[in-house]
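The residues making up each chain are set out below.
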Amino acid sequence: MFRDMGYTDDAALDAMIAAFRPWVEVRLQSGEYVAWLVQTATGEVIAGGGVWLMDWPPHMIGGPGPRANILNVYTEMEYRGQGLARQLMEAILQWLRENHVGTVILHASEQGRTLYEKLGFQATNEMRLLLQ
């Protein structure tokens, strides 16, 4: 996914993967991270996405409870254009509604932005500062 987004530093990608695995394993076990996968008939994973349920303080935007951060939505190149990302997103959003999660955020790649806008996502005032 990150290579497709233009990240080319293999050492940095490997370090990120090594750090992400233990992070996501803990959150999968606790139920704080929920994942969806699309597989072929032979079991090959061709698309997926996840939700990180973040503890969030009471806020003027969104109701009480966790805020959902949708992460890692990706479809393998040869399977794009078949609506898999839309199906994943619709399944994720339905699950969030059923679990009474009122606020959903995500960071969109250029490739994903149009889909997210069609699903009702809007750009916000978020800003970023990298300190390290």
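Here's a quick rundown of the structure.

Definitions and limits used
- Residues numbered from 1 in each chain as written.
- Predicted model: local features only at pLDDT ≥ 70, side-chain atom pairs only at ≥ 80, totals over all residues.
- Heavy atoms only, no water.
- Helix = DSSP H or I, 4+ residues; strand = E, 2+ residues; numbered from the N terminus.
- Rg over C-alpha atoms; globule rule 2.2 N^0.38 Å.
- Buried < 20%, exposed > 50% of the residue type's maximum accessible area, 1.4 Å probe, protein only.
- Contact = heavy atoms within 4.5 Å.
- Areas by Shrake-Rupley, 256 points an atom, 1.4 Å probe, with all protein chains shown as cover.
- Lys, Arg positive; Asp, Glu negative; His and termini not counted.
- Charge placed at Lys NZ, Arg CZ, Asp CG, Glu CD.
- Pairing = 2+ DSSP bridges.
- Axes fitted to C-alpha atoms, helices over the stretch in contact; angles between N-to-C directions.
- Right-handed = clockwise from strand over helix to strand, strands pointing away.
- Parallel < 35°, antiparallel > 145°, perpendicular 65-115°, else oblique.
- Left-handed = near helix turned anticlockwise from the far one by under 90°.

1. As for the overall build of the chain
So, step 1. Regarding its fold elements, the chain presents three helices and four strands.
So, step 2. Counting from the amino terminus, the chain carries its helices and strands in the arrangement α-β-β-β-α-β-α.
So, step 3. Taken over C-alpha atoms, the radius of gyration comes to 16 Å for the chain, in line with the 14 Å a tight globule of 132 residues would show.
So, step 4. With the principal axes as the frame, the chain shows a C-alpha extent of 40 × 35 × 30 Å.
So, step 5. Residues classed as buried in the chain amount to 27% of the 132 residues present.
So, step 6. Within the chain, contacts between residues at least 6 apart in sequence are counted, and of these 52% link residues at least 24 apart.
So, step 7. Accessible area for the chain stands at about 9500 Å²; split by element, carbon and sulfur atoms hold 55% of it.
So, step 8. One way to put it: in the chain the 10 positive side-chain charges average out to a point 6 Å from where the 15 negative ones average out.

2. With respect to the sheet that holds strand E4 (residues 104-106)
Hydrogen bonding along the main chain pairs the strands of a sheet, whether they run parallel or antiparallel.
So, step 1. The strand order across the open sheet formed by four strands is E1-E2-E3-E4, and the pairing between neighbours is mixed. At either end of the open sheet lies a strand with only one pairing partner, and these are strand E1 (33-39) and E4. Neighbour-to-neighbour, the strand axes of the sheet open up by a mean angle of 25°, direction not taken into account.
So, step 2. As defined by bridge partners, strand E2 (residues 45-54) adjoins strand E3 (residues 67-75) across seven bridges and the pair is classed as antiparallel. Paired with Ala-47 across the strands is Thr-75, a residue of E3.
So, step 3. The strands touched by helix H1 (residues 10-30) within the sheet are E1, E2 and E3, with E1 carrying the most contacts at an inclination of about 105°.

3. Regarding the pairing of E3
Put simply, side chains in a regular strand alternate between the two faces of the sheet.
So, step 1. Most of E3 is tucked away, with eight of its nine residues classed as buried.
So, step 2. With three bridges connecting them, E3 and E4 associate as parallel partners. Within E4, the residue paired with Asn-69 across the bridge is Ile-105.
So, step 3. In the classification by handedness, the crossover that spans E3, the intervening helix H2 (residues 84-98) and the parallel E4 is right-handed.

4. Remarks on the packing of H2 against helix H3 (residues 110-118)
A pair of packed helices is captured by two measures, namely the crossing angle of their axes and the spacing between those axes.
So, step 1. Here H2 crosses H3 at 45°, and the two axes come no closer than 11 Å. Classified by the interaxial angle, the pair formed by H2 and H3 is oblique. Here H2 and H3 pass one another in a crossing that is right-handed. Counted together, Ala-85, Arg-86 and Met-89 of H2 and Leu-115, Tyr-116 and Lys-118 of H3 form the full contact between these two elements.

By themselves, these figures tell us nothing about what the structure is for.
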